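Chain and residue survey
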Amino acid sequence: MCKEKEPGSRKKCGSCRRMMIPTRHLPDGTYLCQTCAPRKLQTCCRCGRRRRANALTADGPVCGTCYASPARRCGICEQVAPIRVRAKGEAPDICYRCYVRPEKLCTVCGRIRRGHHIDHGNGPFHCDGCVPREARKRQLHMCALCGQERKVGMFWPVGPVCPLCYRTALTQPESCTMCGRQRILAGRTPDGGRICKACSFPDERPDYCSSCQQPADLLPGRRCPRCTLLAKVTSLLSRDGTILDASLRPLADVLSDALNPYPVLAWLRRSPAARFLGQLVTAPDELDHAALDAPPQGHATTYVRSLLTTAGLLPPRDENLALLINWTARTLAKLPGHQATLIRPFAEWHIIRDARRRSARGRYTYTAHKGDCANIRAAIDFLTWLDTQQHTLQSLTQEDLDIWAISRPTLRARSIPFIRWAGARHLTRASLTIEHPPSQLPGQFQIEEDHYEELRRCLNDPALPSDVRIAAALLRLYALPLTRIVELTTDHLHHDADHTYLTITATPSSCHRSSPASSTTTSKTDPGTATKPPGTCCRAEPPGGPATLRDCPTNSRATACPPAQPGTRP
């Protein structure tokens, strides 16, 4: 009788808590199964990699990737092939092609179907349809952190932890209630306080970082998260991986001094922006805005530019205006010559000139940039339509213009600036006009009691996030659009001995004492933004830039405090 069939051979694993064949005996009297026990690595004789040996052959150990079961003659097809079922008694060897799984009565659904005996062949027979469902039921445990019945991601001293809570705990270390260090909290005291692994097992020697020699949760290389982050930042920003250029020191400080190193480590490992940053710093003397404008623009270039500006390596500039200028240059380069002759002066002397004036006043937003790009695209579409109709601007009539406006309802309003510009310069007939589409009056109205109830909740409910309270209160008090709210910072707040004032336009307004705006708020920390000045109403993404418009309504919906919809009045 083999060891697996012997009664009492299975014991409870001290890590996964399952009844398994013990592989390693621990000093405390517990056991580890084959899955949880540390695996012995050997050099594969075929591929040369250090991996767990799947078989020991005459040539040496063979890993699971290189190993193939030896071929023998099948007792059914008489072909030499890998054997699926070994010979037993009078039953011959059966290869994979000849093997047919048995059909038996399923103990779950009561039907005769193909399947197998669970628990390594010792348990009841389950068909293929019932095996996954029953396996999921056996894998569900009550998570010790969130209290939900889910699959187990890890067994900690506090108990079974689901994968979601496990990933959250790994990336968000907190202060241990016993030692006070920022650690991964894996245990719990009798009174409910969260403690780290070292405090959960005081008799065991804690793990020490090989770099700073401080007790910590070690990462690969036996270094703490902070030292690992410093090493990875140095490797990313240096040419040889060890010596950091003096001009890049401010950028290295911004990345390595983040309050929580785990999100920065994940950003360095997965983000395309981190890889793009590593390509740029190979020539630190040529690092300027022109070097970032050359490659195709996307989220990676925008994020890296903001990161370099926050670190002080690049001078600040109006990014929305720069986006418009660069987009216009790329668009004009793709146009035919006769269209570029008309679009270039319209874009540069009308659209971009007006954008520069608004930028000088500090009111050129990303939404305005998108609108100006849409006006230029509408003008290009209009000239393309003229070419297909074999018309020119001089021969254009009001009837032709009306036909184009009716066939392009989405571009009708966007084409008005180009038509007016062309008429003012006598490129078309002066009488040609496109009327603005009629504005839509409010069609939804909010009950006054609901409006005041939502406002009271924004002012008095501390359970809501501060950015949601501020945005929702300003929207309901002053009817401010979200494009204005996300631009507010703590510089718009002024305090005196008795009151707090918020300056929205030019006149300061007194804030209620319980208003969330009466207290200074800080932004969430993004990777590499530890030195960014706090104070934006919502999360700032990318670093050093204005807050994003999408976060305010998203957070409001998540907290059951919906923002006012367009066309809605209290």
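Now for a quick tour of the structure. (Residues numbered from 1 in each chain as written. Predicted model: local features only at pLDDT ≥ 70, side-chain atom pairs only at ≥ 80, totals over all residues. Heavy atoms only, no water.)

Attention shifts here to the overall build of the protein. Scanning the protein from terminus to terminus reveals 18 helices and 26 strands. Across the 570 residues of the protein, 37% fall into the buried class. (Helix = DSSP H or I, 4+ residues; strand = E, 2+ residues; numbered from the N terminus. Buried < 20%, exposed > 50% of the residue type's maximum accessible area, 1.4 Å probe, protein only.)

Consider a sheet: its strands pair through backbone hydrogen bonds, and that pairing is either parallel or antiparallel. If you walk across this open sheet you meet the three strands as β11-β12-β13, and the pairing is antiparallel. A strand with exactly one partner marks an edge of an open sheet, and here the two such strands are β11 (103-105) and β13 (125-127). With direction set aside, neighbouring strand axes in the sheet form an average angle of 70°. Note that strand β12 (residues 112-117) and β13 share three bridges and pair antiparallel. Counted as the bridge partner of H116 is H126 from β13. (Pairing = 2+ DSSP bridges. Axes fitted to C-alpha atoms, helices over the stretch in contact; angles between N-to-C directions.)

Another aspect to go through is the sheet that holds strand β5 (residues 41-43). One open sheet holds the three strands; their spatial order is β5-β6-β7, and the pairing between them is antiparallel. The sheet terminates laterally at β5 and β7 (61-63), the two strands that pair on one side only. Sheet twist, expressed as the mean angle between neighbouring strand axes with direction ignored, is 75°. Bridge count for β5 against strand β6 (residues 50-56) is three bridges, and the pairing is antiparallel. Directly across from T43, in β6, lies its bridge partner R50.

All right, on to the pattern of salt bridges then. One pass over the full model with this rule turns up 15 salt bridges. A salt bridge links D372 to R358; the shortest N-O distance between them is 2.9 Å. Placement of the pair is D372 in helix α12 (residues 366-388) and R358 in helix α11 (residues 337-360), with a sequence separation of 14 residues. With a relative accessible area of 7%, D372 lands in the buried category. Each of D293, R305, R317 and E319 takes part in a single network of salt bridges with overlapping partners. (Salt bridge = Lys/Arg side-chain N within 4 Å of Asp/Glu carboxyl O.)

This brings us to a negative patch on the surface. On the surface, D245, D285, E286 and D288 cluster together into a negatively charged patch. Among the structural elements, D285 can be located in the loop between α7 (272-280) and α8 (289-293). (Patch = residues over 30% accessible without salt bridge, like charges linked within 9 Å, V, L, I, M, F, W, Y side chains within 5 Å. Areas by Shrake-Rupley, 256 points an atom, 1.4 Å probe, with all protein chains shown as cover. Lys, Arg positive; Asp, Glu negative; His and termini not counted. Charge placed at Lys NZ, Arg CZ, Asp CG, Glu CD.)

Attention now goes to the pairing of β12. Direction of pairing for β11 relative to β12: antiparallel, over a ladder of three bridges. Across the sheet, residue L105 finds its bridge partner in β12, namely I112. Between the end of β11 and the start of β12, which pair antiparallel, lie six residues, with G110 showing a positive phi angle near 80°.

Interaxial distance between helix α10 (residues 319-333) and α11 falls to 10 Å at its minimum, and their mutual angle equals 175°. With respect to their mutual orientation, α10 and α11 come out roughly antiparallel. Across the interface between the two elements, L321, L324, I325, T328 and L332 from α10 touch A340, I343, R344, A347, E348, I351, I352, A355, R356 and S359 from α11. The residue makeup of the contact of α10 with α11, split by class, is ten nonpolar, two polar and three charged. (Parallel < 35°, antiparallel > 145°, perpendicular 65-115°, else oblique. Contact = heavy atoms within 4.5 Å. Nonpolar A, V, L, I, M, F, W, Y, C, P; charged D, E, K, R; others polar.)

For helix α9 (residues 299-311), which comprises 13 residues, the first-to-last C-alpha distance of 18 Å matches the rise-based estimate of 18 Å (1.5 Å per residue) to within 8%. Listed in full, the buried residues belonging to α9 are T301, Y303, V304, R305, S306, L307, L308 and A311. The inward-facing, buried residues of α9 abut α5 (249-256), α6 (261-270), α7, α8 and α10. Two residues or fewer past α9, G312 is found with a positive phi of approximately 90°. (Expected span 1.5 Å × (residues − 1).)

This part is about the packing of α5 against α9. α9 packs onto α5 with a crossing angle of 105° between their chain directions and a minimal axis gap of 9 Å. Judged on the interaxial angle alone, α9 and α5 are roughly perpendicular. Judged by residue contacts, P250, L251, V254 and L255 of α5 engage L307, L308 and A311 from α9. Here the residues of the contact of α5 with α9 are counted per class, giving seven nonpolar, no polar and no charged.

A few words now on unusual backbone geometry. A positive phi angle, close to 60°, is found at E78, a residue other than glycine. At Q390, a residue that is not glycine, the phi angle is positive and equals roughly 60°. Within the secondary structure, Q390 sits in the loop between α12 and α13 (398-407).

Working definition: an aromatic ring pair is given by the centre-to-centre distance plus the angle between the planes. Here the structure, examined in full by the defined rule, presents seven aromatic pairs. Aromatic pair F382 and F418: ring centres 6.3 Å apart, planes at 65°, arrangement edge-to-face. Taken as a pair, F382 in helix α12 and F418 in helix α14 (residues 416-424) lie far apart in primary sequence, 36 residues in all. For the pair F382 and F418, a shared accessibility class is recorded, and that class is buried. (Phe/Tyr/Trp six-rings, centres within 6.5 Å; stacked < 30°, edge-to-face > 60°.)

If you check helix α16 (residues 466-478), its first and last C-alpha atoms are 18 Å apart, about what 13 residues at 1.5 Å a residue would give, namely 18 Å. The buried fraction of α16 amounts to ten of the 13 residues, a majority that puts the element mostly inside the structure. Buried residues of α16: D467, V468, R469, I470, A471, A472, A473, L474, L475 and R476, and no others. Just downstream of α16, A479 is the residue with a positive phi angle, here 55°.

Counting residues in each nonpolar core, the largest one holds 34 residues, and the members touching the most others are I343, I376, F382 and F418. When residues of this core are traced back to their parent elements, those giving at least two are α10, α11, α12, α13 and α14. Here this core gets nine residues from one element, more than from any other, and that element is α12. Residues within four places of I343 in sequence aside, it is in contact with L332, L335, I376, A379, I380, L383 and F418. (Core = buried A, V, L, I, M, F, W, Y, C linked by side-chain atoms within 4.5 Å.)

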